[in-house]
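Residue-level structure breakdown
Here is what each chain is made of, one letter per residue.
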Amino acid sequence: MRNHIATLLAGLLFGAGLVISDMANPQRVLAFLRWGPGWDPSLALVMLGALAITVPGFAWMRLRGRPFLAPQFTTPAAGAIDRRLLLGAPVFGIGWGWVGYCPGP
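For clarity, every value in this text was computed on a predicted model and none was experimentally measured.

1. Description of the packing of aromatic side chains
Scanning the entire structure with this criterion turns up 3 aromatic pairs. Between Trp 35 and Trp 39, the aromatic rings sit 5.5 Å apart at their centres with planes inclined by 15°, giving stacked as the arrangement. According to the relative accessible area criterion, Trp 35 is exposed, its value standing at 71%. Looking at Trp 39, the relative accessible area reads 34%, which means it is partly exposed. Aromatic side chains Trp 60 and Phe 68 sit 5.5 Å apart centroid to centroid with 50° between the ring planes, which places their arrangement in the tilted category. Trp 60 sits in the partly exposed class, given a relative accessible area of 49%. According to the relative accessible area criterion, Phe 68 is partly exposed, its value standing at 44%.

Given below as structure tokens:
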């Protein structure tokens, strides 16, 4: 149960961060994805801010040796680059750029 509550809180925090940073605003996302006049670099600052928190956090967790809510770290097995990946990634990116809606929130 503790893991479910932590997952819920992490998801709410992530979604709130995306909404507060205006990444849920399609016009803001489209302005970031547009090159040339009207380009809005503010979402790059949001990404840099996220990295400024994430990178030290991961380093700290690595030094700690184990996660807070699990006995050990688990990492996904490296998968092959297959047809589904090669087709799905561009569809995801094109859809995001076309509509301008960030799928995170």
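There is more to say, and it comes next.
2. A closer look at the pattern of salt bridges
Think of it this way: side chains of opposite charge can pair up when their charged atoms draw near. For the structure on display, the rule yields 2 salt bridges. Between Arg 28 and Asp 22 there is a salt bridge, with its nearest N and O atoms 3.3 Å apart. Residue classification places Arg 28 among the partly exposed residues on the basis of a relative accessible area of 27%. Salt bridges sharing common partners tie together Asp 22, Arg 28 and Asp 40.

3. So, the packing of helix α2 (residues 26–33) against helix α3 (residues 42–64)
Running from amino to carboxyl end, α2 crosses α3 at an angle of 95°, the nearest separation of the two axes being 8 Å. As judged from the angle between their axes, α2 and α3 are roughly perpendicular. Taken together, the residues of α3 that come into contact with α2 (itself represented by Arg 28, Val 29 and Phe 32) are Ser 42, Leu 43, Ala 44 and Met 47. Considered class by class, the residues forming the contact of α2 with α3 number 5 nonpolar, 1 polar and 1 charged.

Calculation rules
Residues numbered from 1 in each chain as written. Predicted model: local features only at pLDDT ≥ 70, side-chain atom pairs only at ≥ 80, totals over all residues. Heavy atoms only, no water. Phe/Tyr/Trp six-rings, centres within 6.5 Å; stacked < 30°, edge-to-face > 60°. Buried < 20%, exposed > 50% of the residue type's maximum accessible area, 1.4 Å probe, protein only. Salt bridge = Lys/Arg side-chain N within 4 Å of Asp/Glu carboxyl O. Axes fitted to C-alpha atoms, helices over the stretch in contact; angles between N-to-C directions. Helix = DSSP H or I, 4+ residues; strand = E, 2+ residues; numbered from the N terminus. Parallel < 35°, antiparallel > 145°, perpendicular 65-115°, else oblique. Contact = heavy atoms within 4.5 Å. Nonpolar A, V, L, I, M, F, W, Y, C, P; charged D, E, K, R; others polar.

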